[in-house]
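Architecture and fold: a report
So you can see what is in the structure, the chains are spelled out below.
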Amino acid sequence: MNKYQIKCVHCGTVTPSFALWFLQNQCCPNCKSKHAEVEYDTDYATLPSLLTGKPESFWHYFDFLPLLDKAHIVTCKEGAIPVENWEFLDKYAHDNFQVDCRVMVYRNDLNGGTNTFKDVAASLAASIFKETAIHNFCVASTGNTATAFSKYLSLAGVKFTVFVPACVSADSVEEMRSWGQEVVIADGDYAYAKKMAAEYAIDNAVLISAGNIDPIRSNGLYAGYLYSGSQRRNRADCY
Ligand SMILES: [Zn+2]
């Protein structure tokens, strides 16, 4: 049985793996939407056992991350993000909507490792690419995402091409290049860099980040609301 599946937000069509998702050019085979969420087959009754203690790595949540084999994990001390019970929201839901639930929140600015949540997303992306044998990826970025992805994709053996706006700092560009990745400085703003990246992706048949709705990104960065009680679902929203 597969551990997870990717479900289109718009029409509900299911794609059973990231390997297929990439073959479909990261979109729904039915309605072509790129907005999808990951659902897990993992028994949600096991969830409370993951919420205790202070994990050192976000891979502590492996059972609820879209990777099949731990051997494919690409990690570099990016830290963990504790899941917190926000009791004031439990109370708010009860008092205002008569909903009895526990609101568990995964806040992406609390990782105690490298202190940049982009490293967490990059670790997940690099691991998924390693598992699905993806060797090329590109993105348009203003700096932070691209710096993190340059490092982790390099560790995963993925050739990464970054399109940055002209205003990006020289330090950021040097750091990306220090990982052996290719940086293209657009002669314009971020919108122009995104246009260049999109054209590059099509011309060279290279996967490109779909931004905030990308299920790779959202599962690495999400503010996950893990409801229990009268409602239970794992929601992978953008951060
Ligand atoms: Zn669809």
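Scoring rules and cut-offs
- Residues numbered from 1 in each chain as written.
- Predicted model: local features only at pLDDT ≥ 70, side-chain atom pairs only at ≥ 80, totals over all residues.
- Heavy atoms only, no water.
- Phe/Tyr/Trp six-rings, centres within 6.5 Å; stacked < 30°, edge-to-face > 60°.
- Buried < 20%, exposed > 50% of the residue type's maximum accessible area, 1.4 Å probe, protein only.
- Helix = DSSP H or I, 4+ residues; strand = E, 2+ residues; numbered from the N terminus.
- Lys NZ or Arg CZ within 6 Å of the ring centre and 35° of its normal.
- Pairing = 2+ DSSP bridges.
- Contact = heavy atoms within 4.5 Å.
- Axes fitted to C-alpha atoms, helices over the stretch in contact; angles between N-to-C directions.
- Donors = N, O, S within 2.8 Å, 3.2 Å for Na, K, Ca; no water.
- Tetrahedral: all angles 85-135°; square planar, octahedral: opposite > 155°, others 65-115°.
- Salt bridge = Lys/Arg side-chain N within 4 Å of Asp/Glu carboxyl O.

1. Details of the packing of aromatic side chains
Evaluated as defined, the whole model comprises twelve aromatic pairs. Geometrically, the ring pair formed by Trp86 and Phe88 is stacked, given 5.6 Å between the ring centres and 25° between the ring planes. The class of Trp86 is partly exposed, set by a relative accessible area of 24%. A residue is classified by how much of its surface remains accessible, and Phe88, at 54% relative accessible area, is exposed. Relative to Phe149, the ring of Phe137 lies with its centre 6.2 Å away and its plane at 20°, an arrangement referred to as stacked. With a gap of twelve residues between them, Phe137 in strand β7 (residues 136–140) and Phe149 in helix α5 (residues 144–155) connect regions that are remote in the sequence. Given a relative accessible area of 2%, Phe137 falls into the buried group. Members of the aromatic cluster, joined through ring pairs, are Tyr4, Phe18, Phe22, Phe129, Phe137, Phe149 and Phe160. Looking at Lys3, its charged tip hangs above the ring of Phe62, at a distance of 3.4 Å from the centre.

2. Section: the sheet that holds strand β9 (residues 182–185)
The strands that make up a sheet are held in pairs by hydrogen bonds between backbone atoms, and each pair lies either parallel or antiparallel. Ordered in space as β9-β8-β7-β10, the four strands form an open sheet in which the pairing is parallel. Each edge of the open sheet is held by one strand with a lone partner, namely β9 and β10 (207–208). Pairing between β7 and β10: two bridges, direction parallel. Considered in β10, the bridge of Phe137 is made with Leu207. The sheet strands contacting α5 are β7 and β8 (159–164), and the helix crosses β8 at an angle near 170°.

3. Some thoughts on the coordination of the zinc ion
Note on the zinc ion: its protein donors are Cys8 (SG), Cys11 (SG), Cys28 (SG) and Cys31 (SG). The metal-donor distances range over 2.3 Å. Coordination at the zinc ion comes from four donor atoms whose angles at the metal span 100 to 118°, giving a geometry best classed as tetrahedral. Between consecutive donors of the zinc ion, the numbers of intervening residues give the motif C-x2-C-x16-C-x2-C. Taken together, the residues span a long stretch of sequence, with Cys8 in strand β1 (residues 4–8) and Cys28 in the loop between α1 (18–23) and β3 (36–40) at a distance of 20 residues.

4. Details of the pattern of salt bridges
Counted under the stated rule, the structure contains four salt bridges. Between Glu182 and Lys159 there is a salt bridge, and its shortest N-O distance comes to 3.5 Å. You can see Glu182 sitting in strand β9 and its partner Lys159 sitting in strand β8, a full 23 residues away along the chain. The partner of Lys195 in a salt bridge is Glu199, with the nearest N and O atoms 3.0 Å apart. Of this pair, Lys195 and Glu199 both sit in helix α7 (residues 190–204), four residues apart, which is roughly one turn of that helix. Residue classification places Lys195 among the partly exposed residues on the basis of a relative accessible area of 47%. For Glu199, a relative accessible area of 38% corresponds to the partly exposed category.

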